[in-house]
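Residues per chain, in single letters:
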Amino acid sequence: MSNLKLGVEVISARLGDGVNSFVELRFDDQKVKTTTKLDDSSPVWNERFSFNISDTEDLSNLVLEAYVYNKTSNVTTSCLGKIRILGTAFVPYSEAVGLHYPLEKEKWSVFSFGSTVRGELTLKVFVTDNPSVKIPTPNPRKKLASNTSHSLHNIPASEKTKPRLRKTQEPPQPQTLSPQPPQPQTLFSQPQTLSRQQQMLSPQPPQLQTLSPQQQMLSPQPLQPHTLSTQQQMLSPQPSKPQTLSPQPQTLFPQQPPVMEAAPFQPVKYGSPVLGGGVRARTTITAHDLVEPMEYLFVKIVKARNLPTMDPTGSLDPYVEVKLGNFTATTTQFEKNKNPVWNEVFAFTKSDQQANFVDVIVMDKAVMKDKFVGSIRFDLNEIPTRVATDSPIAPQWYIVNHERGGEVMLSVWFGTQADEAFSDATYSDALNAVNKSSVYSKVYHSPRLWYLRVNVIEAQDLVIKPDRTRFPPNPYVNIKLGSQMVRTKPGQSLNPKWNEEFTFVAAEPFEDLEISIQDREETLGTAKIRFDEIETRVDDNRIVPNRWFSLALERQTRVRFATTRILLNVCLEGGYHVLDESTYNSSDFRPSMKEVRNRHEQSVGVLELGILGAEGLSLSRDGKKETVDAYCVAKYGTKWVRTRTVMNSLNPRFNEQYTWEVYEPATVITIGVFDNNGTNGGNIKDGKIGKVRVRISTLESGRLYTNSHPLLVLRPSGVKNMGELHLAIRFTCTSMFQMLLHYWKPLLPKMHYVRPLKVVQQEILREHAVNLVAARLSRAEPPLRKEVIEYITDLNSHFWSIRKSRANLYRLRSVFSGLLGTGEWFQDICTWKKPVASTAVHVLYLAFVCLPEMILPIISLWLFMLGVWNYRLRPRQPQHMDTSLSFADNVHPEELTEEFDTFPFSSQDPGVVKMRYERLRSIAGRAQTLVGDIAGQGERVQALLSWRDPRATSIFMVVCLVSSVILYVVPFKVFVLLAGLYIMRHPRLRRKTPPGLVNFFKRLPAKTDCML
């Protein structure tokens, strides 16, 4: 028997009131029990047990079962629930954490019918061979009698008697798919990689598997040697003989694919052990292989025909109710329509399937009481299961009333979140929402943005009112594009010349460009320019010609002898990238013009994001809501994704996966979590819970990162941890050569360097770009609100903040800390505080002077060795928001109040604004003194030869003449050697006063005495 043991720590549970609970653990024909906690709804045991492992090579096929019982009397007990943990979820003792497992009761058993006790059990499970880990073993240990063979496919006997159709009646039955924190599952379609303890125990390489996750769930043939996950075993109709499912020879892959471990800074506390254990290799791309499959019951109501009338008047106002246990979903109601068309989909999670049947009921809306028209009942055991790779299940006509006729077209099936109906379905937790469309999962695309350059040159033959000839004309031009409006400076004649250039942000489909010339309050002419008349420029080599545009008046009341016209130079700049994000956190740098984008930019990889869920969320509106309706928004490039809204949950589970193409490795993907405040209607802004940024260049190709990221939000009251977001991220490089080549290419398109935009102009244009994107996406269904887009793009990042200024100063000091440290080290060498080090430096200095050709090679080699040394300290997971780096943990409340104040007009009292102004003056005064000192040192250098101080200039010229002769006679190596030895001379050879050269430099004049 092996020395390895399975340790189980029963920590606590959350159960109903009035429960006398104890836990029974079963593993490998061994059974132990905890003590009984009397009348405790949240019992705490903290008891540890150990189990012997009979066959360590078959550990992945063993199952740990935990039953929670209620001791109703001295002789009778009732089962409250059960959890099952597969052997693939066992981890070493050093990596084990307490996990919360939901209890699953047998819904179809007569023994558990009507039971309302639902809860969870917290366990810590690990494998150890360390004798120092004290695990008390209960004595005696009872053995379970088992008459079932375990040889078939190496599946435990308890697994073989549970087919997909739920016809077994033995209580309790394990959970198959649950939106609560699920049981560990193996979800990947790439070659199966052994977990950590399996690598230590199994000497044989694993078999390869190339089925998708959906095929794994529905495959009738279990895999060898890996144990099927709980869902796969429950969905499998019957076991069969073991066989290898890989269609390719095993020689295409190494026998033991490397498992690259990266310990997360906060481990994922649910899901597959591979998901929560770090990173792994990847060979193929399969949809929804990063997330856990969540089973849903989909009911799609398409339409009805020839419905019977239940009212004596002959009218019918039909709607459909879908009932499943305590959940009732209702379609929209039609008035006086016997052939309505709904096309609505409802999705019920696994935990909400609390009945054996689902009823589809057609009702007639009435004033007093709705009337029954007909119904259809489906047995859940007979409902088919659809694989996402298959075509949609065809809806069928069903008779709703066999006596009076009427048919309804609908379809019912079991599926997962990979089903295409998932994004349009109304979920069972959102049935009571007023605005049901606001909870859908959708994908958005930003409109393509362009820079529009308008150069206003001149105008001719302007006509003003006759009674205004005594006033000099001051015409100016108004240019309007959507909500963007600018104006030129006033002219001085009726043929004015301006020569002013303006830049706008235009979004496809384009709006007309409006030009108008005004003089005071009078409009002298208007013109509309369509975008199909505007030329497009890709680079600066092409010259766009100037064009005359005729101006028209709405009311022609004056006689014109010539046509009023304006000379413009208008072009669409297709060679720029329109920045809608900060340059440091941008997710795309490609130019606007699609032809240039496709010709010069090639995809370098694929980014896959799995949004698993969140944990411990805090209320975004304190005191105004009792719970959180959470959803996530992710942006990369022009593609935005929005998960479904999980209603009334502080620990939502999303398990949605999305994919982007990567064109530039130095980009960032942003994921934000929000509280949906629009489910009940109204215009209340969605609450901000937090966001996470991940830089693509920090991800290694082919490795899966699964981490728990903290959600931090800065509020006027201070920084607050709003919870944790669990993500699974994988970047796969499709062309390593192209990706390495990108590091030598310009980051931005060529036009940004040929005709660069000013910094202030870029910020203004970025604000216009964000407003355009928000205006377009807010018109989608469901809308992506403006506050969400501004938070994801970090629109107000350039606003003044004392906290940010202090943080940036600290970052600057950290950057130069190495240089400052080198200076301090050299000062110690010069002062001989460490004689051995000073002597070694003198020897190296002599060697470098004698062999100067070795200086650059040694510096390059030193940098290489430094990089090799720092490789062991490399980050093992993506970095997260740092409160200490942001100076957000100890910031003064007044500074935060100033940071969140409105701009440009403050909402605070004038006294507070004056106090802020005085504080800003004191900070600016110190900065002003520092800049003046730096300028003074530079002016002293200029004074060496400016003859402002004739004696100092004469001394400097004599020194230069003498030094030129000495440097000509003395070899340069000797001069460098003597200079170095003089600088590093012993303290006994030094004076306590500054040297003469320093004294001479400080006596040089600066221009400070000439300033007022």
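Treat the numbers as computed from the prediction; the structure is a model and nothing was measured.

Student: Would you take a moment to explain the overall build of the chain for this structure?
Tutor: A count of helical and extended segments in the chain gives 19 helices and 37 strands. By sequence separation, contacts in the chain at least 24 residues apart represent 71% of the contacts at least 6 residues apart. Accessible surface, the chain as shown: approximately 52200 Å² in total, 56% of it carbon and sulfur.

Student: Help me understand helix H12 (residues 817-831) in this model?
Tutor: Residue pairs three or four apart in sequence face the same way in an α-helix, which turns once every 3.6 residues. The terminal C-alpha atoms of H12, which comprises 15 residues, lie 21 Å apart, in line with the 21 Å expected from a rise of 1.5 Å per residue. Trp832 occupies a position one or two residues after H12 and carries a positive phi of about 55 degrees.

Student: Would you mind showing me how to read the pairing of strand S12 (residues 318-324) here?
Tutor: Regular strands show a simple pattern: their side chains alternate between the two faces of the sheet. When you tally the buried positions in S12, you get six out of seven residues, the bulk of the element. Hairpin connection of S12 to strand S13 (residues 327-330): two residues between the antiparallel strands, including Gly325 at a positive phi of 65 degrees.

Student: Could you clarify how one ought to interpret the packing of helix H13 (residues 835-850) against helix H18 (residues 972-983) in this entry?
Tutor: Helix packing geometry: the angle between the two helix axes and the distance between the axes. At a closest axis distance of 10 Å, the pairing of H13 and H18 adopts a crossing angle of 165 degrees. As summarised for this structure, H13 and H18 are arranged roughly antiparallel, according to the angle between their axes. Helix-helix and strand crossings are classified by hand; for H13 and H18 the assignment is right-handed. Across the interface between the two elements, His842, Tyr845, Leu846, Val849 and Cys850 of H13 pack against Lys973, Val976, Leu977, Gly980 and Leu981 of H18. Classifying every residue of the contact of H13 with H18 by side-chain character gives seven nonpolar, two polar and one charged.

Student: Explain the pattern of salt bridges here, please?
Tutor: Two side chains carrying opposite charge are able to pair once their charged atoms lie near each other. Enumeration over the complete set of coordinates arrives at 40 salt bridges. Of the charged contacts, one joins Arg653 and Glu615 as a salt bridge, the two residues approaching to 3.5 Å between their closest N and O atoms. Of the two residues, Arg653 sits in strand S33 (residues 653-662) while Glu615 sits in strand S30 (residues 605-615), which places them 38 residues apart along the sequence. For Glu615, a relative accessible area of 17% corresponds to the buried category. A salt bridge links Arg806 to Glu895; its shortest N-O distance comes to 3.1 Å. One end of the pair, Arg806, is in helix H11 (residues 802-815); the other, Glu895, is in helix H15 (residues 893-899), with 89 residues separating them in the sequence. Given a relative accessible area of 35%, Arg806 falls into the partly exposed group. The class for Glu895 is buried, based on a relative accessible area of 12%. Linked by salt bridges that have partners in common, Arg453, Glu501, Arg537, Glu573 and Arg755 make up one network.

Student: What am I meant to see in the packing of helix H9 (residues 759-777) against helix H10 (residues 786-793) here?
Tutor: H10 packs onto H9 with a crossing angle of 140 degrees between their chain directions and a minimal axis gap of 9 Å. Classified by the angle between their axes, H9 and H10 sit oblique to one another. Pair H9 / H10 crosses with right-handed handedness. Contact residues: Arg766, Val770, Asn771, Val773, Ala774 and Leu777 in H9; Lys786, Ile789, Glu790 and Thr793 in H10.

Student: Just checking my understanding: could you explain the nonpolar core for this structure?
Tutor: Side chains that are nonpolar tend, in soluble globular proteins, to be buried together. Counting 61 residues, the largest nonpolar core has Leu607, Leu609, Trp640, Trp660, Ile669 and Leu725 as the members making the most contacts within it. Of all the elements, H9 adds the most residues to this core, at seven residues. Among the nonpolar cores identified, the runner-up in size contains 32 residues, and Ile53, Leu80, Ile85 and Val127 belong to it.

Student: What exactly am I supposed to notice about the pairing of strand S36 (residues 703-715) here?
Tutor: Within S36, twelve of the 13 residues are buried, which leaves the element mostly enclosed by the surrounding structure. As paired elements, S36 and strand S37 (residues 718-733) share 13 bridges and run antiparallel to each other. The residue bridging Thr706 from the neighbouring strand is Ala728, located in S37.

Student: Just to check I follow, could you spell out the environment of Pro852 for this structure?
Tutor: Relative to the assigned elements, Pro852 resides in the loop between H13 and helix H14 (855-870). Along the backbone, Pro852 and Lys973 are 121 residues apart, and their C-alpha atoms lie at a distance of 9.1 Å.

Student: Before we go on, may I ask you to explain a nonpolar patch on the surface in this structure?
Tutor: The grouping of Ile855, Leu856, Ile859, Trp862, Leu863, Leu866 and Trp869 at the surface amounts to a nonpolar patch, some 740 Å² of accessible area in total. Accessibility expressed as a relative area gives 65% for Leu856, which makes it exposed.

Student: I tried to follow the environment of Leu568 on my own but got confused; where do I start?
Tutor: In this structure, Leu568 sits in strand S29 (residues 565-573). In this structure, the C-alpha to C-alpha distance between Leu568 and Val456, residues 112 residues apart in sequence, is 5.0 Å. Once residues within four sequence positions are removed from consideration, Leu568 is found in contact with Asn455, Val456, Ile515, Ile529, Asn546, Arg547 and Phe549.

Student: Explanation requested: the packing of aromatic side chains in the structure shown.
Tutor: For any two aromatic rings, the description comes down to two numbers: the centre-to-centre distance and the angle of the planes. Throughout the structure, instances matching the rule amount to 18 aromatic pairs. Taken together, a centroid distance of 4.5 Å and an interplanar angle of 10 degrees make the contact between Phe510 and Phe531 stacked. Within this pair, whereas Phe510 is found in the loop between strand S24 (497-507) and strand S25 (513-519), its partner Phe531 is found in the loop between strand S26 (522-529) and strand S27 (535-537), the two being separated by 21 residues in sequence. Phe510 gets classed as partly exposed once you look at its relative accessible area, which sits at 27%. With relative accessibility at 9%, the residue Phe531 sits in the buried group. Connected via pairs of aromatic rings, a cluster forms that spans Tyr296, Phe298, Trp413, Phe422 and Tyr427. Over the ring of Trp548 we find Arg565, and its NZ or CZ is 4.0 Å from the ring centre.

Student: Even after reading the chapter, I still don't get the sheet that holds strand S32 (residues 639-642), so can you show me in this structure?
Tutor: Each strand in a sheet pairs with another by means of backbone hydrogen bonds, the pair being arranged parallel or else antiparallel. The strand order S20-S32-S31-S34-S35 describes an open sheet built from five strands, whose pairing is antiparallel. The open sheet has two edge strands with one neighbour each: strand S20 (442-445) and strand S35 (687-695). Between one strand axis and the next, the sheet turns through 15 degrees on average, direction left out of account. As paired elements, strand S31 (residues 630-636) and strand S34 (residues 668-675) share six bridges and run antiparallel to each other.

Student: Explain a negative patch on the surface here, please?
Tutor: Side chains of Glu511, Asp512, Glu514 and Glu533 sit close together on the surface and give a patch of like negative charge. The residue Glu514 is located in strand S25 in this model.

Student: How should the sheet that holds S37 be read in this particular structure?
Tutor: Taken together, the four strands give an open sheet; going across it, the order is S33-S30-S37-S36, and neighbouring strands pair in antiparallel fashion. Only two strands of the sheet have a single partner each, and these edge strands are S33 and S36. Adjacent strand axes in the sheet meet at a mean angle of 25 degrees when their direction is disregarded.

About the criteria used
Residues numbered from 1 in each chain as written. Predicted model: local features only at pLDDT ≥ 70, side-chain atom pairs only at ≥ 80, totals over all residues. Heavy atoms only, no water. Helix = DSSP H or I, 4+ residues; strand = E, 2+ residues; numbered from the N terminus. Contact = heavy atoms within 4.5 Å. Areas by Shrake-Rupley, 256 points an atom, 1.4 Å probe, with all protein chains shown as cover. Expected span 1.5 Å × (residues − 1). Buried < 20%, exposed > 50% of the residue type's maximum accessible area, 1.4 Å probe, protein only. Pairing = 2+ DSSP bridges. Axes fitted to C-alpha atoms, helices over the stretch in contact; angles between N-to-C directions. Parallel < 35°, antiparallel > 145°, perpendicular 65-115°, else oblique. Left-handed = near helix turned anticlockwise from the far one by under 90°. Nonpolar A, V, L, I, M, F, W, Y, C, P; charged D, E, K, R; others polar. Salt bridge = Lys/Arg side-chain N within 4 Å of Asp/Glu carboxyl O. Core = buried A, V, L, I, M, F, W, Y, C linked by side-chain atoms within 4.5 Å. Patch = residues over 30% accessible without salt bridge, like charges linked within 9 Å, V, L, I, M, F, W, Y side chains within 5 Å. Phe/Tyr/Trp six-rings, centres within 6.5 Å; stacked < 30°, edge-to-face > 60°. Lys NZ or Arg CZ within 6 Å of the ring centre and 35° of its normal. Lys, Arg positive; Asp, Glu negative; His and termini not counted. Charge placed at Lys NZ, Arg CZ, Asp CG, Glu CD.

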